[in-house]
Amino acid sequence: PCCRSSLQVTEEVREHLKTPIFDNWQWEEAEMLVLLQVMFTDLDFLTALHIELDVLQNFLFEVYCHYNSIPFHNFRHCFCVTQMMYGLIWLTDLRSKLSKLDLFTMLASALCHDLDHPGYNNVYQINAKTDLALRYNDISPLENHHCAVAFGILSKPECNILKNLTREQYKQIRGAMIKCILATDMARHNEILNKFKTIQPVFDFTNKDHKEVLMKIMVKVSDISNEVRPMAVAEPWLDCLLQEFFNQSDTEKLKGLPVTPFMDRDKVSKPSCQTSFIRFVLLPLFTELIKLFPCLEQHILEPVRHALEYYSDMERASKEDKRT
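Parameters and conventions
Residues numbered from 1 in each chain as written. Predicted model: local features only at pLDDT ≥ 70, side-chain atom pairs only at ≥ 80, totals over all residues. Heavy atoms only, no water. UniProt positions renumbered as here; feature names shortened; annotations may be inferred. Helix = DSSP H or I, 4+ residues; strand = E, 2+ residues; numbered from the N terminus. Polar contact = N/O pair within 3.5 Å; in protein donor to acceptor, adjacent residues only side chain to side chain. Phe/Tyr/Trp six-rings, centres within 6.5 Å; stacked < 30°, edge-to-face > 60°. Buried < 20%, exposed > 50% of the residue type's maximum accessible area, 1.4 Å probe, protein only. 1 Å grid on protein atoms, 1.4 Å probe; cavity = no way out; pocket = protein on both sides within 12 Å on 5 of 7 lines; lining within 4 Å. Contact = heavy atoms within 4.5 Å. Points joined across faces, edges and corners; volume = space filled by probe spheres on them. Nonpolar A, V, L, I, M, F, W, Y, C, P; charged D, E, K, R; others polar. Salt bridge = Lys/Arg side-chain N within 4 Å of Asp/Glu carboxyl O.

- With an unreviewed UniProt entry as reference, the chain is termed High affinity cGMP-specific 3',5'-cyclic phosphodiesterase 9A, source organism Tetraodon nigroviridis.
- Of the chain, the UniProt comment under Catalytic activity (unreviewed entry) reads exactly: "3',5'-cyclic GMP + H2O = GMP + H(+)".
- The record in UniProt for the chain states the following under Pathway (unreviewed entry): "Purine metabolism; 3',5'-cyclic GMP degradation; GMP from 3',5'-cyclic GMP: step 1/1."

Written out as structure tokens, the structure is:
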């Protein structure tokens with residue numbers, strides 16, 4: 001696919017793109033590239049950061065080329081996370097609260113957060129002693145790799161959307177993008193959420209540390225936000241994720257590595273893994289975010305509660321089936 005498509009993006013699609021209910025499944029990859037271009041353009045990044053359109057198109061295409069054809073952590077997932085971030089920026093009116101550089105950092109971090117993901121998580125990398133685990137000393141091997149790939153793409157002159165920034169601006173964006181992408185390592189979830197909980201009651205948009213934690217939280221929320229979407233959009237994503245999980249646990253069994261319990265096809269059911277994830281990860285995270293942005297309750301908290309009901313019912317039905 002190529003960004004230089006003649007696809008005309010209607011006003012209706014532009015407005016829909018700003019909402020969490022956007023349906024990714026009806027778009028081809030070439031169209032998603034155009035929609036990503038719309039996001040960068042509509043947030044006025046081209047003017048504010050002096051980005052040339054053809055360089056943005058080259059950058060987006062190169063990002064597309066660096067996502068692998070794997071069940072879940074693929075280019076479509078990258079698009080969904082970026083689109084959710086875009087929607088949250090509009091819904092929470094962050095354009096009036098954060099600088100263009102901060103908003104750009106968040107959108108670019110969402111876009112690059114899983115570059116060249118191999119489909120096997122950090123635990124696997126470390127247990128299998130992969131090149132990535134060795135290179136990054138077992139510290140967030142994947143997330144460090146995603147960052148390195150992102151800045152590798154930006155080091156190509158024809159893809160360098162940051163080339164017209166001052167040295168100070170580049171340094172700010174690079175530092176913040178690294179922090180945001182590293183924050184997507186779920187091993188750090190509680191640490192980051194607890195930090196946000198501490199500052200949330202006294203949150204100050206002019207405080208650099210507060211802002212940094214919020215940016216990490218926004219990237220994290222966007223990354224794990226599938227259950228915010230309508231069930232017809234969200235459920236196929238769960239099937240893709242389980243497929244990737246099962247592939248990993250099958251490989252772990254073959255290689256005699258410790259088997260990751262929540263990925264084991266012999267032990268995990270679709271409803272049980274999802275109800276746990278919603279209860280222990282999504283609800284605590286989203287509940288904290290809506291204290292800062294009450295407007296998000298109907299957009300992110302209510303759909304997640306509905307999803308919990310849906311999978312709880314499925315789990316009950318499955319247990320009853322087994323009994324009978």
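Some remarks on the UniProt feature "active site" (unreviewed entry) in the chain
Then, number 1: Feature annotation in UniProt places "active site" (unreviewed entry) on His73, given in this structure's numbering.
Then, number 2: Relative to the elements of secondary structure, His73 occurs in the loop between α4 (53-65) and α5 (75-91).
Then, number 3: A polar side-chain atom of His73 sits 2.5 Å from a polar atom in the side chain of Glu244.

Brief notes about the packing of aromatic side chains
Then, number 1: By the definition in use, this model includes 17 aromatic pairs.
Then, number 2: An angle of 90 degrees between the planes, with centres 6.5 Å apart, marks the rings of Phe151 and Tyr170 as edge-to-face. Linking Phe151 in helix α9 (residues 141-154) with Tyr170 in helix α10 (residues 167-182), this pair joins segments that are 19 residues apart in sequence.
Then, number 3: Of the residues examined, Phe151 reaches a relative accessible area of 9% and is grouped as buried.

Focus on unusual backbone geometry
Then, number 1: Even without being a glycine, His50 presents a positive backbone phi close to 55 degrees.
Then, number 2: By the secondary structure assignment, His50 is in the loop between α3 (45-48) and α4.

A look at the UniProt feature "binding site: Zn(2+) 1" (unreviewed entry) in the chain
Then, number 1: When the UniProt feature table is mapped to this numbering, "binding site: Zn(2+) 1" (unreviewed entry) covers His77, His113, Asp114 and Asp223. Spatially, the listed residues are clustered: although they cover 147 residues, their C-alpha atoms lie within 10.1 Å of one another. The subset of the named residues that lines the largest pocket consists of His77, His113, Asp114 and Asp223.
Then, number 2: By the element assignment, His113 lies in the loop between α6 (100-112) and α7 (122-127).
Then, number 3: A polar contact of 3.1 Å, which involves the side chain of His113, links it to the side chain of His77.
Then, number 4: Structurally, Asp223 can be placed in helix α12 (residues 208-223).
Then, number 5: Excluding residues within four positions of it along the chain, Asp223 makes contact with His77, Val81, His113, Asp114 and Thr184.
Then, number 6: There is a polar contact of 3.0 Å between the side chain of Asp223 and the side chain of His113.

Concerning the layout of surface pockets
Then, number 1: When its volume is computed, the largest pocket comes out at roughly 1,000 Å³.
Then, number 2: Along the wall of the largest pocket there are 41 residues; nearest its centre are Met186, Leu241, Phe245, Phe262 and Phe277.
Then, number 3: Those elements that provide at least two residues to the lining of the largest pocket are α7, α9, α11 (189-199), α13 (231-255) and α14 (270-292).
Then, number 4: The element that contributes the greatest number of residues to the lining of the largest pocket is α13, accounting for eight residues.
Then, number 5: Among the residues forming the lining of the largest pocket, the class breakdown is 19 nonpolar, 16 polar and six charged.
Then, number 6: Estimates place the volume of the second largest pocket at around 270 Å³.
Then, number 7: Lining the second largest pocket, in full, are Asp102, Thr105, Glu168, Lys171, Gln172, Gly175, Ala176, Lys179, Lys208, Lys211, Glu212 and Met215.
Then, number 8: For the lining of the second largest pocket, the elements supplying multiple residues, two or more each, are α6, α10 and α12.
Then, number 9: Along the lines of polarity and charge, the residues of the lining of the second largest pocket split into two nonpolar, three polar and seven charged.

Observations regarding the pattern of salt bridges
Then, number 1: Tallied over the full model, the rule gives 17 salt bridges.
Then, number 2: The residue Arg305 makes a salt bridge to Glu297 at a minimum N-O spacing of 3.5 Å.
Then, number 3: Judged by its relative accessible area of 31%, Glu297 is partly exposed.
Then, number 4: Arg316 is paired through a salt bridge with Asp313; the nearest N and O atoms lie 2.3 Å apart. Placement of both Arg316 and Asp313 in helix α15 (residues 297-323) is noted, with a separation of three residues, approximately one turn of the helix.
Then, number 5: Among the residues examined, Arg316 registers a relative accessible area of 48% and is labelled partly exposed.

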